[in-house]
Amino acid sequence: MAIASSSSARDGSWISSPASLETPVPLVDLDRLERNLDRMAAYAALHGLALRPHSKTHKSPWIAVEQLRRGAIGLTCATPLEAEVMAGVCDDLLVAYPPVGNPKLQRLMALPESVELTVALDSADSAEQLARVAGERGRPVGVYVELDLGMHRVGVSAMEEALSLARLVAARPPLVYRGIAFYPGHIRAPVGQQKGELERLSAGLQATIRALDQAGLPPAVVSGGSTPTVWQTHGIKGVTEIRPGTYAYNDRITAQTGACDWNDCALTVLATVVSTAVAGQAVIDAGSKALGREPPEKEGDGYGTLLDRPEVTVQRLSEEHGILDLRDTSWRPAAGEQVRVVPNHVCIAVHLHEVIYGVRGDKVESSWPVLARGRRPIRPPVEV
């Protein structure tokens, strides 16, 4: 995989070793990243599923290009900025977040006309807002009707609501009714224990599809999937499209669910031990502003784990301090020693950093900016 390097490389001041980087800094093992991308592309192809990866994890057009090169049909975004950045490399974008409010709608309508835009929404109000702004621009916009199949976050839960919204969208040009979407983020059990929840979800989904078919509104696309459940998606009858995001880098929680192996965790945060003054612990320079403060799956489980010493957890966080618990290890680090932390939730960790460094073994091979972090508008879209 050839990833364009950052400005530090272009001006000749390239860093060849991770040890030369100022910490805390995110590193991506390029071999692991490539395996992760290949594995998901192969799974989608094997089961005839359209792959539309979520860009919220990597927030990088460089990684998006690699996903598209492996057969992804388009990309999923959560924010207008993500859509603006990804429009530079992809002409088929789904915004899987209700675009409510004129500022967001105007930004989306300003995307290049070459981009086929689809949004997921769950209310007549949001559909009418979108139709008005799209009509002013003379721009067709696809719509997925968002279903709540157990997550209880967004999405319509009643059958009649789904039918009513689909009818409204289908009759309200320039909106184009393209199908339905759902997110099974409530299913957090280990992969081997997901069967019951997936069967209940599948039953609800199939009932909705049948009702839409009978109403003359068959969904051309049924879009769903999350990284923790994605490897079981082929068993959910009716699904045509999957939108995993975390799989590119993976993280501690994904490994705990069994959706990836520990050696599939491609992103770590390189940190330096800055203090060992308190017995039984070591302090690293990666705190909540480098790792995020994602709650652990189990109480007291910490906020991250060392890659090569998984028995050592980041037990407490301050803004710039991470407290390593040394009670279950004989390892006693010295100040200045470096460690690689696998964060609980990689999407949050990525958002906290401006540049990612790609490594193979002990060599820094490339770097790329996290262009889609934050909320700022970007004009024109960045091309890779």
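Residues numbered from 1 in each chain as written. Predicted model: local features only at pLDDT ≥ 70, side-chain atom pairs only at ≥ 80, totals over all residues. Heavy atoms only, no water.

## A few points about the side chain of threonine 268
Along the chain, the position of threonine 268 falls in strand E10 (residues 267-275). When sequence neighbours within four positions are dropped, the list of residues in contact with threonine 268 reads Val25, Pro26, Leu27, Leu307, Arg340, Val341 and Val342. (Helix = DSSP H or I, 4+ residues; strand = E, 2+ residues; numbered from the N terminus. Contact = heavy atoms within 4.5 Å.)

## Structural notes on helix H5 (residues 102-109)
Because the α-helix completes a turn every 3.6 residues, residues three or four places apart line up on one side. Every buried residue of H5 is accounted for by Leu105, Arg107, Leu108 and Met109. Looking at the buried side of H5, the elements it contacts are helix H4 (80-86), strand E4 (92-95), strand E5 (116-121), helix H6 (124-137) and strand E6 (141-146). (Buried < 20%, exposed > 50% of the residue type's maximum accessible area, 1.4 Å probe, protein only.)

## Some details on the pattern of salt bridges
Under the definition given, this model contains 18 salt bridges. Of the charged contacts in the structure, one is a salt bridge between arginine 107 and glutamate 84, with a shortest N-O distance of 2.8 Å. In this pair, arginine 107 sits in helix H5 while glutamate 84 sits in helix H4, placing the two residues 23 residues apart along the sequence. Here arginine 107 falls in the buried class, since its relative accessible area comes to 18%. Among the ionic pairs, glutamate 319 bridges to lysine 289, the shortest N-O distance being 2.6 Å. Pair noted here: glutamate 319 is in the loop between strand E13 (313-317) and strand E14 (322-325) and lysine 289 is in helix H10 (residues 288-291), with a separation of 30 residues, a long-range link. On the basis of relative accessible area, glutamate 319 is assigned to the partly exposed category, the value being 47%. Several salt bridges converge on common partners, so that one network encompasses Asp31, Glu34, Arg360 and Glu365. (Salt bridge = Lys/Arg side-chain N within 4 Å of Asp/Glu carboxyl O.)

## Some details on the environment of proline 173
Considering the arrangement of structural elements, one finds proline 173 in the loop between helix H7 (159-170) and strand E7 (175-181). For proline 173, a relative accessible area of 58% puts it in the exposed group. Taking the C-alpha atoms as reference points, proline 173 and glycine 204, 31 residues apart in sequence, are found 29 Å from one another.

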